[in-house]
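# A look at the structure
In case you want the letters, here they are:
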Amino acid sequence: MRCLGIVCASLILLGCGGNPRTGVDEDQFSSYWYQGKAEINVFDLEQYRYGAKREGTAVMIFVTEDFSKRKQVKLDNPEAAGADARKVIKMNMTREFVTGVYPYNTMLSVFTPVYDEENAFKITASVTEWCGQAFIQMNWKNGSYRAKLFSYFESEGDQEVKLEGPSEDEIFNTIRLNPSIVPEGNVRLIPSLTFQRFSHIPLKVERASISKRKISGNQEELSLEYKTINRKLVVRYQQFFPYEILSWEEIQTKPDGSLERTIGTRRNMEKLDYWNRNSLQDKELRRALGL
């Protein structure tokens, strides 16, 4: 596999072929992530939509899984998969808020290889509300993403596109692996799929710049800015392992110069084997999480 016009040496989000990933401390990582639990982060959400700020809740769930690189699905029997099996860190991110009388629900899933220096193998995003549904799936194969977009809007319809670049949505996972492997400087990225659905911009690679800085206490901040689409993402995280995500902010500059700010501020975090907690009694766990 060859690099496709992107500075592969510095952009680990893209990766070139099956090279091993550097920067992940195996002892630290396995002691935290391979214990049969997910990390559930609950955020107070201020979501800007239709010209106004909406109060809501966002949840980021981080968990490791055994993943089929060939089929691009979670493996039922990893031991039988041989070399096709890959360890991934998965982020499921949901947002729930209400606009007027009707609710919005979004979900983003990102599957990032832990030990392979490659892009996220798979990224999906959905938006559901009373008007209809929209869904995007991107699969990383042979040096590019094959993306399929399904929408209830006639002007967007069903599309298939090829995208030769990494995705903004993977940055959260890459921070969790090690913020030092997130590149700084000028890059080419696919903007957030949730943002793409909300703004209805064409799904394509855009130019952006990334910078990082230390702030108060044990915290650092990553800033990602696109000039072409007037979008900025700011992520605040712990400076030390396991690099917990503390807050994130999306800033959109409108043509008149006004700013629309969407902010997620973490209020609770628990490690939990949530997939085993589905009885009526387990509803108490939601209350503990503030849900």
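This write-up is about the structure you can find in this document. (Residues numbered from 1 in each chain as written. Predicted model: local features only at pLDDT ≥ 70, side-chain atom pairs only at ≥ 80, totals over all residues. Heavy atoms only, no water.)

### With respect to the packing of aromatic side chains
Convention followed: To pair, rings of Phe, Tyr and Trp, with the six-membered ring standing in for Trp, must have centres within 6.5 Å; the planes then decide the type, stacked if under 30 degrees apart, edge-to-face if over 60, and tilted in the middle. What counts as a helix is a DSSP run of H or I of at least four residues, what counts as a strand is a run of E of at least two, and both are numbered from the N terminus. Note on classification: 1.4 Å probe, protein chains only; a residue is buried when its accessible area is under 20% of the maximum for its type, exposed when over 50%, partly exposed between these limits.
This model, assessed by the stated rule, comprises 17 aromatic pairs. Judged by centre distance (6.1 Å) and plane angle (35°), the ring pair of phenylalanine 29 and tryptophan 33 falls under tilted. In this pair, phenylalanine 29 and tryptophan 33 are both assigned in helix α1 (residues 26–33), four residues apart and thus about one turn of the helix distant. Judged by its relative accessible area of 0%, phenylalanine 29 falls in the buried class. A relative accessible area of 1% means that tryptophan 33 is categorised as buried. Aromatic ring contacts, followed pair by pair, group Phe29, Tyr32, Trp33, Tyr34, Phe241 and Tyr243 into a single cluster.

### Considering the environment of tryptophan 33
Condition: We call two residues contacting when some pair of their heavy atoms lies within 4.5 Å.
Distance in space between the C-alpha atoms of tryptophan 33 and lysine 271 is 9.9 Å, their sequence separation being 238 residues. Those residues within four positions of tryptophan 33 in sequence are excluded, and the remaining contacts are Glu39, Phe62, Val63, Thr64, Ile89, Arg176 and Phe241.

### Some words on the pattern of salt bridges
This is how it is decided: Just to be clear on terms, a salt bridge is a Lys or Arg side-chain nitrogen sitting within 4 Å of an Asp or Glu carboxyl oxygen.
Tallying each qualifying case throughout the model produces 20 salt bridges. For glutamate 164, the salt bridge identified is with lysine 162, shortest N-O distance 3.9 Å.

### Observations concerning the pairing of strand β13 (residues 219–226)
The criterion, for reference: Any two strands with at least two DSSP-identified bridges between them are counted as paired.
Counting buried residues along β13, six of its eight residues qualify, which places the element largely inside the surrounding structure. Taken together, the seven bridges between strand β12 (residues 206–214) and β13 define a ladder with antiparallel strand orientation. Among the inter-strand pairings, isoleucine 210 is bridged to a residue of β13, identified as leucine 224. Turn length for the β12-β13 hairpin, with the two strands adjacent in sequence and antiparallel, is four residues, and the turn residue glycine 217 shows positive phi of about 65°. Counting the residues between successive antiparallel strands, the hairpin from β13 to strand β14 (residues 231–238) contains four residues, one of them, asparagine 230, with a positive phi of roughly 55°.

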